[in-house]
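Fold and geometry: a report
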Amino acid sequence: MASVTYDHVWKKYGDVVAVQDLHLAIEDKEFLVLVGPSGCGKTTALRCLAGLEEITQGEVKIGDQVVNDVAPKDRDIAMVFQSYALYPHMSVYDNMAFGLKLRKMPKDEIDRRVKESAQILGIEGFLKRKPKELSGGQRQRVAVGRAIVREPKVFLFDEPLSNLDAKLRVQTRAELSKLHKNLQTTFIYVTHDQTEAMTMATRIAVMSKARLQQLDTPQNLYDHPANLFVAGFIGSPAMNFFKGKLVQSDGHFVADLGSFSVKLPDQDKERYASALDKDIIFGIRPEDIHNPLYAPPGIIAEKVNVKVDVTELMGNEIFLYLVNGEHNFIARVDPRTTARFGDEMQVVFNMDNYHIFDPSLDPENPPVI
């Protein structure tokens, strides 16, 4: 078991910066997820840890050991790839045992490890089969099993569920979370899917444009995003953003968003005093926009007139695509809502849950105030 530390790590390919000054401490036995869009540097960061990429600057540590110059095979890690990377001519048993045979481990120890791992993953009945005789989910379990038998200090997962169908992804997510609890080992997991990150991680590291944007627990990332990128990336559907200005009216702070405005709770005036009379971006999640008939009791509600553009019935909820002036946004409302295309209605914004971003501090990725 081991902690992992990225100490101001850079990775460059010529003039292209793939990872920029990554400083990240991953605790022993933690399930950390690196999440972000394609090209943000998350897989490169994982490959630097695995030794598959040589870092340009900084240090990578596993436990107390700096591993910059340690060969991948000597880093005591195991990696599970997106493509499974199984040998098609070998049985499941031999695929799982192959790495141990290369290390000249005794046969009885190899047999013990393979059978224990197969039992943990529920694939003990498939040990004599070839990969082509398995489903995608079963192949993925074999790939995970091949990593487990090595009993490494750290497990690395590079988008291992992206080749699975939606139902199997949900099932395998739960299995990986259970596996982490059983093995009590450090897991570092890379994905572009924020749902995977939210459901499995102890902590999430959100990356964009080669930089770490925020590191926190899933709930804190959702409730307290550090900037516009994190706010828009975490949560599905994504947070709604409205450009506007913070003004004062009748002693209250008001977010003037052009075609409509919403009054901020008076208890928030001190927090946003620095943004008064400045351009802002107002953010609110779809789940905090309600049909007034079914709004939660006791919320601070601001009414907004809208026109319904599209409805998506999800069974347990309805997504309403709404229009007000130049603004298009999404509400996630109670399934009893009867609004349909073209209807004009009122919705309420839950002003207990909103965010204000200051573009004057960073026009490309405004921080939250």
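Higher on the page you've got the structure.
Let me begin by describing the structure that accompanies this report. Predicted, not measured: the structure shown is a model, and the values here were computed from it.

**Digging into the pairing of strand 4 (residues 57-62)**
Sheet analysis places strand 1 (residues 4-13) next to strand 4, joined by five bridges and oriented antiparallel. By the bridge assignment for strand 4, Y6 is matched with V60. In the sheet, strand 4 pairs with strand 5 (residues 65-66) via two bridges, with the strands oriented antiparallel. Bridging across to strand 5, I62 finds its partner in Q65. The hairpin turn running from strand 4 into strand 5, its antiparallel successor, is two residues long, and G63 in that turn takes a positive phi close to 65°.

**Examining the sheet that holds strand 10 (residues 211-216)**
As summarised here, the arrangement of the six strands in space is 6-7-8-3-9-10, forming an open sheet in which the pairing is mixed. Only two strands of the sheet have a single neighbouring strand rather than two, namely strand 6 (77-80) and strand 10. Sheet twist, expressed as the average angle between the axes of neighbouring strands with direction ignored, equals 15°. Judged from the five bridges that link them, strand 3 (residues 31-35) and strand 8 (residues 186-191) form a sheet pairing that is parallel. Each residue of the ladder has a partner; that of L32, found in strand 8, is I188. This element, helix 5 (residues 166-183), spans strand 3, strand 7 (154-158) and strand 8 of the sheet and lies at about 160° to strand 8.

**As for helix 5**
The first and last C-alpha atoms of helix 5 sit 26 Å apart over 18 residues, in line with the 26 Å expected at 1.5 Å per residue. Buried within helix 5 are the following residues: L168, T172, R173, L176, S177, L179 and H180. For helix 5, the elements touching its buried residues are strand 3, helix 3 (107-121), helix 4 (136-148), strand 7, strand 8 and helix 6 (194-200). Its side-chain oxygen 3.2 Å from the backbone nitrogen of K167, D165 forms the N-cap of helix 5. Backbone geometry just after helix 5 places Q184 at a positive phi near 55°.

**Some thoughts on unusual backbone geometry**
Backbone torsion omega between S236 and P237 reads -5°, so that peptide bond is classified as cis. Take P237: it is sitting in the loop between helix 8 (228-233) and strand 11 (240-249). The backbone phi angle of D76 is positive, close to 55°, even though this residue is not glycine. The residue D76 is located in the loop between strand 5 and strand 6 in this model. Look at D76 and you get partly exposed, because its relative accessible area is 28%. One non-glycine residue, Q184, adopts positive backbone phi at about 55°. Along the polypeptide, Q184 turns up in the loop between helix 5 and strand 8.

**Some points on helix 1 (residues 42-50)**
Among the nine residues of helix 1, seven are classified as buried, and the element is accordingly described as predominantly covered. For helix 1, the complete set of buried residues consists of K42, T44, A45, L46, C48, L49 and A50. One or two steps after helix 1, the chain reaches G51, where phi turns positive at roughly 90°.

**Examining the state of the cysteines**
Two cysteines, two sulfur atoms, one covalent bond between them: this is a disulfide. Enumeration over the complete set of coordinates arrives at zero disulfides. Between C48, a cysteine without a disulfide, and C40, which holds the nearest cysteine sulfur, the sulfur-to-sulfur distance is 13 Å.

**A short note on the packing of helix 2 (residues 92-102) against helix 3**
At a minimum axis separation of 10 Å, helix 2 and helix 3 run at an interaxial angle of 135°. In terms of their interaxial angle, helix 2 and helix 3 are classed as oblique. The way helix 2 lies across helix 3 gives a crossing that is right-handed. Residues Y93, M96, A97, L100 and K101 of helix 2 touch helix 3, and the partners they reach there are I110, D111, R113, V114, S117 and A118.

**Quick notes on the nonpolar core**
Of all hydrophobic cores here, the largest spans 45 residues; its most connected members are M96, V114, V144, F157, L176 and Y189. L176 has contacts with F31, V144, F157, L161, F187, Y189 and M200, leaving out every residue within four places of it along the chain. Core analysis: the second largest hydrophobic core is formed by 30 residues, L246, A255, I318 and M345 among them.

**Overview of the packing of aromatic side chains**
Evaluation of the coordinates by the stated rule reveals 19 aromatic pairs. Judged by centre distance (5.5 Å) and plane angle (20°), the ring pair of F229 and F233 falls under stacked. Note that F229 and F233 are positioned in helix 8 at a spacing of four residues, about one turn of the helix. F233 gets classed as buried once you look at its relative accessible area, which sits at 17%. Members of the aromatic cluster, connected to one another through ring pairs, are F242, F260, Y272, F282, F329, F349 and Y354. One residue, K11, lies across the ring of Y13, its end atom 4.8 Å from the ring centre.

**Describing the pattern of salt bridges**
Taken as a whole and judged by the stated rule, the model has 17 salt bridges. Between D94 and K101 there is a salt bridge, with the nearest N and O atoms lying 3.3 Å from each other. Ionic pairing is found between R112 and E109, a salt bridge with its closest N-O pair at 2.6 Å. A residue pair is termed a helical-turn pair when its members lie 3 or 4 positions apart in one helix, as R112 and E109 do in helix 3 at three residues. Salt bridges here are not isolated pairs; linked through shared partners, they connect E109, R112, R113, E116 and E151.

Thresholds applied
Residues numbered from 1 in each chain as written. Predicted model: local features only at pLDDT ≥ 70, side-chain atom pairs only at ≥ 80, totals over all residues. Heavy atoms only, no water. Pairing = 2+ DSSP bridges. Helix = DSSP H or I, 4+ residues; strand = E, 2+ residues; numbered from the N terminus. Axes fitted to C-alpha atoms, helices over the stretch in contact; angles between N-to-C directions. Contact = heavy atoms within 4.5 Å. Expected span 1.5 Å × (residues − 1). Buried < 20%, exposed > 50% of the residue type's maximum accessible area, 1.4 Å probe, protein only. Polar contact = N/O pair within 3.5 Å; in protein donor to acceptor, adjacent residues only side chain to side chain. Disulfide = S-S within 2.5 Å. Parallel < 35°, antiparallel > 145°, perpendicular 65-115°, else oblique. Left-handed = near helix turned anticlockwise from the far one by under 90°. Core = buried A, V, L, I, M, F, W, Y, C linked by side-chain atoms within 4.5 Å. Phe/Tyr/Trp six-rings, centres within 6.5 Å; stacked < 30°, edge-to-face > 60°. Lys NZ or Arg CZ within 6 Å of the ring centre and 35° of its normal. Salt bridge = Lys/Arg side-chain N within 4 Å of Asp/Glu carboxyl O.

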